[in-house]
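What the coordinates show
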Amino acid sequence: MVAFLANENPSSKLFIDLFNNCCNEDGVKLEVVRVNESEIEQAVHVANEDPNIHGILVCYPIFDPHETTSLSKFCRLTGDYLSRDDKLRDTVQAKKDVEGLGHTYNRPHIDASHVVHPDGASDATKEITPCTAEAIMKCLASVPGAYNEFLPHTKRMDGLTVTIVNRSPLYGHPLAVMLSNEGAEVYSVALNSIYHFKDFKYHKVEADLETCTRSSNILITGVPDSDFHIPSSWIQPHSIVVNMSEYDNVSMDSVLGVPGTVYVTGVGKLSRAILRRNLVRLHKTYHTDDVDDDINGKAVESSASAGIYSDISLAQRIFQSLSLT
């Protein structure tokens with residue numbers, strides 16, 4: 001597996017360090033490749049074509065979010081032209097997209113299926129989903145009253161209202177789709193707009209964050225700003241609060257002072273576990289022609305021990321390719 005680092009974001013570096021430790025524990029060979037912004041697209045193309053690579057991870061953001069040069073796609077949900085990062089996410093081959101962020105797995109329409117099977121997958125191979133969004137879904141499923149597994153999928157969160165303060169294509173948008181597909185009423189809050197998701201439809205609404213928060217049973221925050229805080233007075237008793245930001249968007253002590261409130265934080269470990277699970281699933285579906293694998297967690301390790309990796313490092317192969325272009 002390869003992880004591309006093309007920014008100086010401290011959060012990206014920390015994530016890679018933590019993920020690399022997890023991979024070492026599981027016997028997964030992870031090679032971290034640092035490239036310049038101008039090289040990342042070509043580097044992804046090289047990794048796409050390398051049969052020794054079973055998964056590709058890219059640390060976002062890379063490009064200026066307002067840079068849309070040569071792009072013509074328009075997202076009705078955000079009201080913006082898709083960025084170069086959006087284009088790069090779709091550049092990663094579906095069979096190597098361990099993050100589940102490309103179009104195949106993270107469809108930008110509200111009628112997208114909650115469960116998306118890779119083309120050609122067997123019945124035994126389950127879906128690939130965006131890691132952080134699925135991690136939060138699993139956290140919510142473990143909280144009493146948030147998720148009724150005995151009901152059909154489209155009804156398991158029926159009657160609940162959720163506010164998500166984040167609409168990025170990495171976290172907030174796929175999470176809004178997943179929650180809505182399970183029956184929840186969802187308010188998706190971004191810097192300059194709020195969208196309402198319900199019954200496989202969405203539309204822009206004239207509302208504010210306080211109104212949405214006060215009407216919600218579940219509040220999920222993911223604002224990468226240390227100065228952003230939601231007052232605990234907006235949170236209703238017996239609510240569930242999930243903080244997926246590296247900063248405290250809400251005060252844990254204040255939230256726990258609200259009667260019956262459950263506070264969930266630290267979804268990173270579960271996200272990294274789902275990322276490794278996605279790699280095993282992709283390997284089982286697409287990369288088992290020459291190697292007998294076993295889905296119980298050692299598939300990629302067995303590939304490495306069989307000598308599938310070249311003596312030349314992935315970084316060297318990528319930079320050799322870049323030098324020829």
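Residues numbered from 1 in each chain as written. Predicted model: local features only at pLDDT ≥ 70, side-chain atom pairs only at ≥ 80, totals over all residues. Heavy atoms only, no water.

**Topic: the sheet that holds strand E12 (residues 262-265)**
The strands making up a sheet associate through hydrogen bonds between their backbones, and the pairing can be parallel or antiparallel. Quick reminder of the rule: For two strands to pair, DSSP has to find at least two bridges joining them. Secondary structure elements are taken from DSSP: a helix is a run of H or I of four residues or more, a strand is a run of E of two residues or more, and numbering for both begins at the N terminus. Note on geometry: axes are lines fitted to C-alpha atoms, helical ones only across the stretch in contact, with angles between N-to-C directions running from 0 to 180 degrees. Contact between two residues is taken to exist if any of their heavy atoms lie within 4.5 Å; hydrogens are not considered.
Spatially, seven strands are ordered E9-E8-E7-E6-E10-E11-E12 in an open sheet, and the strand pairing comes out mixed. Of all the strands in the sheet, just strand E9 (201-205) and E12 have a single pairing partner and so form its edges. Going across the sheet, the axis of each strand differs from the next one's by a mean of 15°, ignoring polarity. Summarising the sheet, strand E11 (residues 240-243) and E12 pair through four bridges and their orientation is parallel. Across the sheet, residue Val241 finds its bridge partner in E12, namely Tyr263. Of the strands in this sheet, strand E6 (161-165), strand E7 (185-189), strand E8 (194-198) and strand E10 (218-221) touch helix H5 (residues 172-181), which is tilted by about 175° from E6.

**Focus on the environment of Trp234**
Defined as follows: Between buried and exposed lies partly exposed: a residue is buried under 20% and exposed over 50% of the maximum accessible area for its type, with that area taken using a 1.4 Å probe on protein chains only.
Inspection of the secondary structure puts Trp234 in the loop between E10 and E11. Looking at Trp234, the relative accessible area reads 17%, which means it is buried. It is 9.9 Å that separates the C-alpha atoms of Trp234 and Val255, two residues lying 21 residues apart in sequence.

**Focus: the packing of helix H4 (residues 131-141) against H5**
What counts is decided by this rule: An angle counts as roughly parallel when it lies under 35 degrees, as roughly antiparallel when it exceeds 145, as roughly perpendicular when it falls between 65 and 115, and as oblique in every other case. Left-handed describes a crossing whose near helix is turned anticlockwise from the far helix through less than a right angle; right-handed describes the clockwise counterpart.
Between H4 and H5, whose axes approach to 9 Å, the crossing angle comes to 40°. In this view, H4 runs oblique relative to H5, as classed from their interaxial angle. Our pair here, H4 against H5, has a crossing hand that is right-handed. Between H4 and H5, the residues in contact are Ala133, Glu134, Ile136, Met137 and Leu140 and Pro174, Leu175, Met178 and Leu179, respectively.

**Focus: the packing of aromatic side chains**
Here is the rule we go by: Classification of ring pairs uses Phe, Tyr and Trp, with its six-membered ring standing for Trp, and accepts pairs whose centres are within 6.5 Å; under 30 degrees between planes counts as stacked, over 60 as edge-to-face, and the remaining range as tilted. Only Lys NZ and Arg CZ are tested; either one counts as a charge over a ring when it is within 6 Å of the ring centre and within 35 degrees of the ring normal.
In this structure the tally under the stated criterion is three aromatic pairs. Ring centres of Phe15 and Phe19 lie 6.0 Å apart, and the angle between their planes is 5°; on these two criteria the pair is classed as stacked. Of this pair, Phe15 and Phe19 are both found in helix H1 (residues 10-26), four residues apart, which corresponds to roughly one turn of the helix. Its relative accessible area of 27% is what places Phe15 among the partly exposed residues. Following the ring pairs from residue to residue traces out a cluster consisting of Tyr195, Phe197 and Tyr202. Here the guanidinium or amino end of Arg89 rests over the ring plane of Tyr60, the centre of that ring lying 4.6 Å away.

**A short note on the pattern of salt bridges**
Applicable threshold: Only one rule defines a salt bridge in this text: a Lys or Arg side-chain nitrogen within 4 Å of an Asp or Glu carboxyl oxygen.
Within this structure, the stated rule accounts for eight salt bridges. One salt bridge connects Lys13 with Glu8, and the closest N-O pair in it is separated by 2.8 Å. Of the residues examined, Lys13 reaches a relative accessible area of 28% and is grouped as partly exposed. Overall, Glu8 belongs to the exposed group, its relative accessible area being 59%. Arg277 is paired through a salt bridge with Glu134; the nearest N and O atoms lie 2.8 Å apart. With a gap of 143 residues between them, Arg277 in helix H8 (residues 268-286) and Glu134 in helix H4 connect regions that are remote in the sequence. Among the charged side chains, a network of salt bridges with common partners joins Glu134, Lys138 and Arg277.

**Examining the confidence of the model for the chain**
Which entries qualify depends on this criterion: Across the chain, each position has a pLDDT score giving the predictor's confidence in that residue, from 0 to 100.
Chain-level pLDDT for the chain is 80 on average; 76% of the residues reach the 70-or-more range. In this model residues 108-125 is a low-confidence stretch, pLDDT under 50, and it forms 37 contacts with partners more than four residues away in sequence or in other chains. Throughout residues 290-311 the model reports pLDDT below 50, and contacts reaching past four residues in sequence, or to other chains, amount to 37 contacts.

**Describing the nonpolar core**
General note: in soluble globular proteins, nonpolar side chains tend to be found buried as a group. Heads up, the rule is: In this text, buried Ala, Val, Leu, Ile, Met, Phe, Trp, Tyr and Cys residues form a nonpolar core when linked through side-chain atoms within 4.5 Å.
Core analysis: the biggest nonpolar cluster contains 29 residues, and Leu140, Met157, Leu179 and Ile220 have the highest contact counts within it. Elements supplying a minimum of two residues to this core: H4, E6, H5, E8, E10 and E11. For Leu140, the residues in contact, after removing those within four places along its chain, are Ala146, Tyr147, Met157, Leu179, Ile218, Ile220, Ile240 and Val242. Core analysis: the next-biggest nonpolar cluster, separate from the first, contains 19 residues, Ile40, Ile62, Leu101 and Leu170 among them.

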